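For reference, the chains in residue letters:
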Amino acid sequence: MYLYNSTSHKKELFVPNRPDVVKMYTCGPTVYHYAHIGNLRTYIMEDVLEKALRYTGYNVKRVMNITDVGHLASDADTGEDKMLKGAKRENKSVMDIAKFYTDAFFADCDKLNIKRPDVVEPATNCIDEYIHMVSKLLETGKAYFAGGNVYFDTSTLEKYYVFGEHDEEDLAVGVRDGVEEDSNKKNKNDFVLWFTKSKFEDQALKWDSPWGIGYPGWHIECSCISMKHLGEDLDIHAGGIDNAFPHHTNEIAQSESYLGHKWCNYWFHVHHLNTEGGKMSKSKGEFLTVSLLESKGYDPMAYRLFCLQSHYRRNLVFSWENLDNAVVAYDKLIAKIAGLNSEGEVDQSAFDALKERFVGALNGDLNTSLAVTAVYDVLKAKCNDATKLAALADFDQVLSLNLISAAEKLRKQQQEEAAASADPEIDAMVAQRTEAKKAKNWAEADRIRDELKARGIEIIDTPQGAKWRKV
Ligand code: AMP
Ligand code: ZN
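Keep in mind the model is a prediction, meaning the values are calculated, not measured.

Procedures and definitions
Note on numbering: residues in each chain are counted from 1, in written sequence order. Written order determines the labels here, with chains lettered from A and ligands numbered from 1. Restriction of local features to residues with pLDDT of at least 70 applies here, the model being predicted, together with a cutoff of 80 or more for giving and counting side-chain atom pairs; totals for whole chains, interfaces and linings are based on all residues. Hydrogens and waters are ignored; side-chain quantities use all the structure's heavy atoms. Helix and strand labels come from DSSP, where a helix needs a run of H or I of at least four residues and a strand needs a run of E of at least two; each type is numbered from the N terminus. For each residue, the accessible area found with a 1.4 Å probe, counting protein chains only, is set against the maximum for its type, and the residue is called buried under 20%, exposed over 50%, and partly exposed in between. Throughout, a contact is declared for two residues whenever any of their heavy atoms are within 4.5 Å. Note on areas: Shrake-Rupley, 1.4 Å probe, and residue coverage restricted to the protein chains presented here. Any carboxyl oxygen of Asp or Glu that lies within 4 Å of a side-chain nitrogen of Lys or Arg is treated as forming a salt bridge with it. When charges are tallied, Lys and Arg are placed among the positive residues and Asp and Glu among the negative ones, while His and the ends of the chain are skipped. Here, patches come from residues exposed beyond 30% relative accessible area and free of salt bridges, joined within 9 Å for like charges and within 5 Å for nonpolar side chains (Val, Leu, Ile, Met, Phe, Trp, Tyr). Axis definition: a line fitted to C-alpha atoms, over the contacting stretch in the case of helices. Angles run 0 to 180 degrees between N-to-C directions. Reported orientations rely on four angle classes, namely roughly parallel under 35 degrees, roughly antiparallel over 145, roughly perpendicular from 65 to 115, and oblique for the rest. By convention, the crossing between two helices is left-handed when the near helix turns anticlockwise from the far helix through less than a right angle, and right-handed when the turn is clockwise. Gly is placed with the polar residues, together with every amino acid not listed as nonpolar (Ala, Val, Leu, Ile, Met, Phe, Trp, Tyr, Cys and Pro) or charged (Asp, Glu, Lys and Arg). Here the aromatic set is Phe, Tyr and Trp, taking the six-membered ring for Trp, and pairing holds for ring centres within 6.5 Å; pairs whose planes are under 30 degrees apart are stacked, those over 60 apart are edge-to-face, and all others are tilted. Any residue with at least one heavy atom within 4 Å of a molecule or strand is counted as near it. Think of a polar contact as two N or O atoms within 3.5 Å of one another; within protein, one of them needs to be a possible hydrogen donor and the other a possible acceptor, and neighboring residues in sequence only count if both atoms come from side chains. Strands qualify as paired when DSSP identifies two bridges or more between them.

Trainee: Requested: an account of the overall build of the chain, with residues and values cited.
Mentor: Across its full length, the chain carries 16 helices and 16 strands. When the backbone C-alpha atoms are referred to their principal axes, the chain occupies close to 95 × 55 × 35 Å. Split into buried and exposed, the 471 residues of the chain put 54% on the buried side. Here the analysis covers contacts within the chain between residues at least 6 apart in sequence; of these, 77% occur between residues at least 24 apart. Here the chain has roughly 21,200 Å² of accessible surface; of this, 50% comes from carbon and sulfur atoms.

Trainee: Describe the environment of Val-398, listing the residues and the values that go with them.
Mentor: Residue position: Val-398 is located in helix α13 (residues 385-399). Looking at Val-398, the relative accessible area reads 0%, which means it is buried. What Val-398 contacts, discounting residues up to four positions off in sequence, is Val-48, Lys-51, Ala-52, Tyr-55, Arg-304, Phe-358 and Leu-362.

Trainee: Tell me about the pattern of salt bridges, and please be specific about residues and values.
Mentor: Applying the stated criterion across every chain, the model contains 28 salt bridges. Notably, a salt bridge pairs Arg-433 with Asp-461, separated by 3.1 Å at the nearest N-O pair. Of this pair, Arg-433 sits in helix α15 (residues 424-438) while Asp-461 sits in strand β15 (residues 457-462), and the two are 28 residues apart along the sequence. Connected through salt bridges with shared partners, the residues Glu-46, Glu-50, Arg-54, Arg-62, Lys-115 and Asp-118 form a single ionic network.

Trainee: Quick one: what's the story with the side chain of Glu-221, residue by residue and with numbers?
Mentor: Inspection of the secondary structure puts Glu-221 in helix α6 (residues 218-230). Buried within the structure, Glu-221 lacks any salt-bridge partner; Lys-82 is the closest side chain of opposite charge, at an N-O distance of 11 Å. Once residues lying within four places of it in the same chain are set aside, the contact partners of Glu-221 are Tyr-25, Asn-65, Ile-66, Thr-67, Val-69, Ala-123 and Tyr-130.

Trainee: How would you explain a nonpolar patch on the surface if you had to name every residue and give the values?
Mentor: Taken together, the side chains of Tyr-2, Leu-13 and Val-15 present a nonpolar region at the surface, about 280 Å² in accessible area. Mapped onto the fold, Tyr-2 is located in strand β1 (residues 2-5). Accessibility expressed as a relative area gives 43% for Tyr-2, which makes it partly exposed.

Trainee: I'd like a rundown of the packing of α15 against helix α16 (residues 442-454), residues and numbers included.
Mentor: Here α15 crosses α16 at 155°, and the two axes come no closer than 7 Å. Considering the angle they form, α15 stands roughly antiparallel to α16. Where α15 crosses over α16, the handedness of that crossing is left-handed. Contacts from Ile-426, Met-429, Val-430, Gln-432, Arg-433, Ala-436 and Lys-437 of α15 reach α16 at Trp-442, Glu-444, Ala-445, Ile-448, Arg-449, Glu-451 and Leu-452. Partitioning the contact of α15 with α16 into residue classes produces eight nonpolar, one polar and five charged.

Trainee: Report on the packing of aromatic side chains, specifying residues and quantitative values.
Mentor: Within this structure, the stated rule accounts for 23 aromatic pairs. Note on Trp-263 and Trp-267: the rings are 6.0 Å apart at their centroids and 65° apart in plane angle, and the pair reads as edge-to-face. Each member of the pair Trp-263 and Trp-267 is classed as buried. Between the aromatic rings of Tyr-303 and Phe-306, the centroid separation amounts to 6.0 Å while the plane-to-plane angle is 35°, which identifies the pairing as tilted. Placement of the pair is Tyr-303 and Phe-306 together in helix α9 (residues 300-308), with a separation of three residues, close to one helical turn.

Trainee: Talk me through the site of ligand 1; I want residue IDs and the actual numbers.
Mentor: Taken together, 17 residues surround ligand 1, and among them Thr-30, Gly-38, Thr-42, Asp-242 and Leu-273 come closest. Contact between ligand 1 and Thr-30: an oxygen atom at 2.9 Å from a side-chain N or O atom of the residue. Here an oxygen atom of ligand 1 sits 3.0 Å away from a polar atom, N or O, in the side chain of Asn-39. In isolation ligand 1 exposes 490 Å². Once the protein is present, 93% of that is buried. Among the elements of the structure, α1 (37-55) and β10 (234-240) are those that each provide at least two residues to the shell around ligand 1.

Trainee: Describe the environment of Lys-11, and please don't skip the residues or the numbers.
Mentor: With respect to the helices and strands, Lys-11 occurs in strand β2 (residues 10-13). Expressed as a C-alpha distance, the spacing of Lys-11 and Asp-365, which sit 354 residues apart in the sequence, is 7.0 Å. Dropping the residues within four chain positions of it, Lys-11 is found in contact with Tyr-2, Leu-3, Tyr-4, Arg-313 and Asp-365.

Trainee: Provide a residue-level description of the sheet that holds strand β13 (residues 278-279), including the pertinent values.
Mentor: With mixed pairing, three strands are arranged side by side in an open sheet as β13-β12-β14. Lying at the two open borders of the sheet, with one neighbouring strand each, are β13 and β14 (316-318). Looking at chain direction, strand β12 (residues 273-275) and β13 are connected through two bridges and run antiparallel. Counted as the bridge partner of Asn-274 is Lys-279 from β13.

Written out as structure tokens, the structure is:
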């Protein structure tokens, strides 16, 4: 598989450190609010990456953190703790907020067929690990204590901006929301590893440490949680593009300083979902969640298809019109699959040819839009339906669009409708009502309508005549 690596700015052949396992780490949600569908775009594409690796023969161990402490309003070290902000907003405790929104996050993931990573670790579980890493960084002169906080000293690094240039927009996201100068910092990019001197005195969760009672910085959690479960090296680290700076840049700085060697080989960044008005936000305008889509009648699978139709390294613009197009595409796709007949033998060589195209799309830097095209190629192929269904079921291990189950559901629904419409007794009553209407015998027509209604049947008068359905 070729994957674009944010450190080299090139597509590179993916070669894991070990043949038996791919070690993959993904930054998890900050559980102070619902995830918006932009956040979920990132998790969908990471899910596809994990599944594509498994599908192409790798064994993957994937770890994800849950940020329930330490993420301040700015991704730099200023502002209020987001968790505390959530707790205040809802008049609940930080732990209650964390539990509620962690559950909500995984409920959204389930709706979008996003697999739960093998290990999910809340940041508040790993305080000892942070203290250990920060202590070693202090001992080796990579960190310093100033004004009550422990800072990482970026002047000890040969290179800090490991990802090179970023779009100005991405950098702006990293340092958004009124960054204040912190006079304790020796260098402008130094970042906090451990806070004891919180600007917000009512910080809810605090722990004892060699430097006083306090709480960890945001970046340290991903380094420590990754090492706790995956050891001292990592094949793939994934996250949204806004995490590249400063979050991932700081993770690399502290991890490699701690380890004394290279830490992670491939950095996979998913670009943003924006609205037509710009950046997607939890605080501005309409807060776009999976539940909101559902309340407007959208199937979450249509949103998943919408995401898969574009490449993860392109910004994607969300609009209701774009989503409507995905709905039409999804419904057509499912209707076509529902029309396939499963009887017959799978033609193995035709199956292999279809699969080759699909695998080729995945191997080309996870080109999901080409992978979706491979689905359409299956439907157009000159092989029998059994082979098509086998290929679609196979591809759906990665795409997770419910291609087979949604088609089966539709087929069942269509069969039920057909069976219902084949009820001769009801047909006869509807015909009698039509006759009664023709004869202007309104009382009889109404009587038949009411009798059918009592039996749960609704008559619909159409230009082609009276039809009926079960209600
Ligand atoms: P957060 O819950 O804010 O820590 O973010 C969770 C994940 O969503 C991170 O990997 C972010 O980089 C990613 N993310 C944030 N905003 C967007 C967006 N508009 N589009 C795609 N991913 C995003
Ligand atoms: Zn992270």
